[in-house]
Amino acid sequence: MRLTFDIISWGAWSPLYQEALDWQHWQAPTTALPNSAQPPKLLQIPAIQRRRLSPLTKIMLAAAFQADPPAQCRSIFSSQHGEINRTMSLLNDITDSQPLSPTSFSQSVHNTASGIFNILTENLSASTAIAAGTDSFPQAFIEAYGQLDEKPDPLLLVYGDEPVPSIFQIFNTQPEWPIAMAFVLTKQSVNLALPKLSIDINCTQGTAKTLHYGEILQALACKKSLSGRINNQFWSLNFD
């Protein structure tokens, strides 16, 4: 089965590449995290609200705002690990017999970024939170395809993740850096001005190269076609 989309707009944030055009200079990641990287400023959010947000929620919001979705559009928020760092902090407080922060507790759920985004934008449309392990990124596109098949109006897809707490590092190989991506998607059309994304979910391209997320974002920023595997799917991005 092949899933096909038009990408109307997009945005992405990581410590080194914080705006869409920055991704033109993407290079394959190393294990070193830049010490000078600053979190997203999110100046469109009042400071009293901004300071309560977790790093993961901040980067997912930054990517979503960059994508500039239409008002009142459906959204899909996906993450492999979700608010695991905030949850670990709460568990440490319990272990240390410290009082729990009501804000941290209320924002430790997997749909935190989804809920905060809809509150900030006064978006009353449906929102879906995805947690599918290492398939969380591609599974979000499968969900998007199903929703677009029912209703073709554009929707917002946001994926975000950050390094897990050190206690879990031995069980985990990704991500090395915090990263968030957002895409405004619709069904593939004949509009040649929009990049075309195809995903073959029953991949037969066994020898195809494995894609980094950064490669996809670099291709979008540079407006160049590429193809390769993500997990067991074959992805193809075209600008023809």
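(A) Representation of the overall build of the protein chain in the model. What the protein chain contains, in helices and strands, is seven helices and eight strands. Out of the 240 residues in the protein chain, the part that is buried amounts to 48%. When contacts within the protein chain are restricted to residue pairs at least 6 apart in sequence, long-range pairs at least 24 apart make up 71% of them. Roughly 12200 Å² of accessible area belongs to the protein chain as shown, and the carbon and sulfur atoms make up 53% of that amount.

(B) Seen up close, the pattern of salt bridges. Under the counting rule described, the total for this entry stands at four salt bridges. The residue D6 makes a salt bridge to K196 at a minimum N-O spacing of 2.9 Å. Here D6 is found in strand β1 (residues 2-13), whereas its partner K196 is found in strand β6 (residues 196-200), with 190 residues between them in sequence. Residue D6 is classed as buried on the basis of its relative accessible area of 0%. Notably, a salt bridge pairs D149 with K187, separated by 4.0 Å at the nearest N-O pair. Placement of D149 in helix α6 (residues 136-150) and of K187 in strand β5 (residues 179-187) is noted, with a sequence separation of 38 residues between them. Note on K187: relative accessible area 37%, which makes it partly exposed.

(C) Looking closely at the sheet that holds strand β8 (residues 233-238). The strand order across the open sheet built from eight strands is β3-β2-β4-β5-β1-β6-β8-β7, with neighbouring strands paired in mixed fashion. Looking at the sheet topology across the chains shown, the edges are occupied by β3 (127-130) and β7 (226-230). For this sheet, the mean angle separating the axes of adjacent strands, direction not counted, is 25°.

(D) How the structure looks around the nonpolar core. Core analysis: the biggest nonpolar cluster contains 36 residues, and F137, F141, F183 and L185 have the highest contact counts within it. Elements with a contribution of two residues or more to this core: β1, α6, β4 (155-161), β5, β6, α7 (213-222), β7 and β8. For this core, the element with the highest residue contribution is α7, accounting for six residues. L185 has contacts with F5, D6, I7, F141, A144, L148, P154, L155 and L157, leaving out every residue within four places of it along the chain. In terms of nonpolar packing, the next biggest core, distinct from the first, is built from 22 residues, A63, L156, A180 and V184 among them.

(E) Spatial organisation of the confidence of the model for the protein chain. Residues with a pLDDT of 70 or more make up 87% of the protein chain, whose mean pLDDT is 86. Mean pLDDT in the protein chain bottoms out at helix α4 (residues 102-106), which sits at 61, and peaks at strand β2 (residues 75-78), which reaches 97.

(F) The pairing of β2, seen in detail. Residues S75 and F77 of β2 are buried on one face, and the alternating residues I76 and S78, pointing to the opposite face, are buried as well. In the sheet, β2 pairs with β3 via four bridges, with the strands oriented parallel. Paired with I76 across the bridge in β3 is T128. Inspection of the sheet shows β2 paired to β4 by four bridges, in the parallel sense. Bridge pairing in β4 links I76 to L157.

(G) Spatial organisation of helix α5 (residues 112-121). For α5, the set of buried residues is T112, A113, S114, I116, F117 and N118. Directly beyond the C-terminal end of α5, a positive phi value near 55° is found at E122.

(H) Representation of the packing of aromatic side chains in the model. Scanning all chains against the criterion turns up 12 aromatic pairs. On the basis of an interplanar angle of 70° and a centroid distance of 5.3 Å, the ring pair of F137 and Y159 is categorised as edge-to-face. One end of the pair, F137, is in helix α6; the other, Y159, is in strand β4, with 22 residues separating them in the sequence. Judged by relative accessible area, which is 1%, F137 ranks as buried. Taking 5.6 Å as the distance between ring centres and 70° as the angle between the ring planes, the aromatic pair formed by Y159 and Y213 counts as edge-to-face. Taken together, the residues Y159 in strand β4 and Y213 in helix α7 connect sequence positions 54 residues apart. Take Y213: its relative accessible area is 16%, and that puts it in the buried class. Here the aromatic residues F5, F137, F141, Y145, Y159, F183, Y213 and W235 are joined through ring pairs into a cluster of three or more.

Criteria and thresholds
Residues numbered from 1 in each chain as written. Predicted model: local features only at pLDDT ≥ 70, side-chain atom pairs only at ≥ 80, totals over all residues. Heavy atoms only, no water. Helix = DSSP H or I, 4+ residues; strand = E, 2+ residues; numbered from the N terminus. Buried < 20%, exposed > 50% of the residue type's maximum accessible area, 1.4 Å probe, protein only. Contact = heavy atoms within 4.5 Å. Areas by Shrake-Rupley, 256 points an atom, 1.4 Å probe, with all protein chains shown as cover. Salt bridge = Lys/Arg side-chain N within 4 Å of Asp/Glu carboxyl O. Pairing = 2+ DSSP bridges. Axes fitted to C-alpha atoms, helices over the stretch in contact; angles between N-to-C directions. Core = buried A, V, L, I, M, F, W, Y, C linked by side-chain atoms within 4.5 Å. pLDDT = per-residue confidence, 0-100. Phe/Tyr/Trp six-rings, centres within 6.5 Å; stacked < 30°, edge-to-face > 60°.

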